[in-house]
There are 2 protein chains.
Amino acid sequence: MRRTVDPTCKPEEHAGARRWPDVTGTALQRASRIFRALGDPPRLRLLVLLAKGEACVTEVAAAEREEISTISQRLRVLRSESLVSRRRQGKHILYGLADQHVADLIFNALAHASEPRPAPPPAHKEEGAIHVTPDSHR
Amino acid sequence: MRRTVDPTCKPEEHAGARRWPDVTGTALQRASRIFRALGDPPRLRLLVLLAKGEACVTEVAAAEREEISTISQRLRVLRSESLVSRRRQGKHILYGLADQHVADLIFNALAHASEPRPAPPPAHKEEGAIHVTPDSHR
DNA sequence: TGAACACTTGCACAGTTGTTCAACTATTAG
DNA sequence: CTAATAGTTGAACAACTGTGCAAGTGTTCA
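Here is a short report on the structure shown in this document. Keep in mind that this is a model prediction, so the values were computed, not measured.

**Remarks on the overall build of chain A**
1) Next: Per the secondary structure count, chain A includes five helices and three strands.
2) Next: What you see in chain A, going N to C, is helices and strands ordered as α-α-β-α-α-β-β-α.
3) Next: Across the 138 residues in chain A, those meeting the buried criterion constitute 43%.
4) Next: As displayed, chain A has an accessible area near 8100 Å², and 50% of this comes from carbon and sulfur atoms.

**Quick notes on the sheet that holds strand 3 (residues 92-97) of chain A**
Residue and element names in this part refer to chain A.
1) Next: Taken together, the three strands give an open sheet; going across it, the order is 1-3-2, and neighbouring strands pair in antiparallel fashion. Whereas interior strands pair on both sides, the edge strands pair on one side only; in this sheet they are strand 1 (55-56) and strand 2 (84-89).
2) Next: Relative to strand 3, strand 1 runs antiparallel, the two sharing two bridges. Along strand 3, the bridge assignment pairs Ala55 with Tyr95.
3) Next: On the sheet, helix 2 (residues 41-51) packs against strand 1, strand 2 and strand 3 and is oriented at approximately 95° with respect to strand 3.

**A closer look at the pairing of strand 2 of chain A**
Within a regular strand, the side chains alternate between the two sheet faces.
Residues and elements named next belong to chain A.
1) Next: Across six bridges, the pairing between strand 2 and strand 3 is antiparallel. Across the sheet, the residue bridging to Gln89 is His92, located in strand 3.
2) Next: Between the antiparallel neighbours strand 2 and strand 3 lie two residues, among them Gly90 with a positive phi of about 65°.

**Digging into the environment of Ile34(B)**
1) Next: As for its position among the elements, Ile34(B) is in helix 1 (residues 25-38).
2) Next: C-alpha separation for the pair Ile34(B) and Leu83(B), spaced 49 residues apart in sequence, amounts to 7.9 Å.
3) Next: Aside from chain neighbours lying at most four places away, what touches Ile34(B) is His112(A), Ala113(A), Glu81(B), Leu83(B) and Leu105(B).

**Concerning the environment of Tyr95(A)**
All names here are of chain A.
1) Next: Looking at the secondary structure, you find Tyr95 in strand 3.
2) Next: Each C-alpha atom, one on Tyr95 and one on Cys56, is 6.0 Å from the other, the two residues being 39 residues apart in sequence.
3) Next: Other than its neighbours up to four places away in sequence, Tyr95 contacts Leu50, Gly53, Glu54, Ala55, Val57, Leu75, Arg79, Val84, Ser85 and Arg86.
4) Next: A distance of 3.1 Å separates polar atoms of two side chains, one belonging to Tyr95 and the other to Arg86.

**Details of helix 1 of chain B**
1) Next: Here helix 1 of chain B contains 14 residues, and its C-alpha end-to-end distance of 20 Å stays within 8% of the 20 Å for a straight helix at 1.5 Å per residue.
2) Next: Along helix 1 of chain B, the positions that sit buried rather than exposed are Ala27(B), Leu28(B), Ala31(B), Ser32(B), Ile34(B), Phe35(B), Ala37(B) and Leu38(B).

**Concerning the sheet that holds strand 2 (residues 84-89) of chain B**
Residues and elements named next belong to chain B.
1) Next: With respect to topology, three strands assemble into an open sheet ordered 1-3-2, the strand pairing being antiparallel. The outermost strands of the open sheet, each flanked by one partner alone, are strand 1 (55-56) and strand 2.
2) Next: Sheet contacts for helix 4 (residues 68-80): strand 2 and strand 3 (92-97); angle to strand 2, the most-contacted strand, approximately 120°.

The rules behind these values
Residues numbered from 1 in each chain as written. Chains lettered and ligands numbered in written order. Predicted model: local features only at pLDDT ≥ 70, side-chain atom pairs only at ≥ 80, totals over all residues. Heavy atoms only, no water. Helix = DSSP H or I, 4+ residues; strand = E, 2+ residues; numbered from the N terminus. Buried < 20%, exposed > 50% of the residue type's maximum accessible area, 1.4 Å probe, protein only. Areas by Shrake-Rupley, 256 points an atom, 1.4 Å probe, with all protein chains shown as cover. Pairing = 2+ DSSP bridges. Contact = heavy atoms within 4.5 Å. Axes fitted to C-alpha atoms, helices over the stretch in contact; angles between N-to-C directions. Polar contact = N/O pair within 3.5 Å; in protein donor to acceptor, adjacent residues only side chain to side chain. Expected span 1.5 Å × (residues − 1).

Encoded structure:
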């Protein structure tokens, strides 16, 4: 059975409205590509490492105990989203975070990730409220 | 050929050092899970929609022109990372952003995504500097 | 010039993820 | 009670992604 889009419930029934900048399709696409690049633990670790300062590929590989090739591939992904900077210094190629924005993003997520988890709901039925997320923050 | 971890280049050669909070393995895991959840365009769009105010599943499905089941599945992923709140109101279940942190994260990434791209470099070799992102992307 | 070092890249394979269908639970109306 | 509405969930499948290997490029140094 294919239930699609014929809402018997009208939008006016609920839905408050705050103001948000209009989000273009491309901005959204790019944002999600960035998120996706950040969404791999090894890659995120690599970025955290680079946040401490520039490093060459070999150096990173040593720190992470991974193969050079693997690190290089990871950096390729990050580079394709402009998340890292890159410059040659003699034999080495130094990588670093692209800018402060990237550092902020990572820092922000790590902060959120370190917050207390909302307890897994005991699957209880209550007076008209499921109350899953007791608004834990700010 | 398996070149692993025996750096002929010493760490002291380069690498500046800024201070960063020590990142635990679990925080990093969770952060990347959050990023991954945000890293799907439809899911991100859904969150942007919810950022404008709470909405029930049917409503969202109508707005996105998708099947209810699909929306529900997307919400499930977001819920599993505690990115959305959920409460029942009569027949409907209202979803919204979990907290300000989430809004910040999304807003931040969208801002970064809307920034001017590093200019497509003329593929020139210059004094020891390879510009940030020489390659195109998708 | 040639050898050594420092990466990068194409490819194949395995593991992961998003979507859909169908069946299920939960709430309300008759 | 039953029917209808609202939403969830499990399974299957196609599409995507990360890794490691082998072979490549580019730079330095003798």
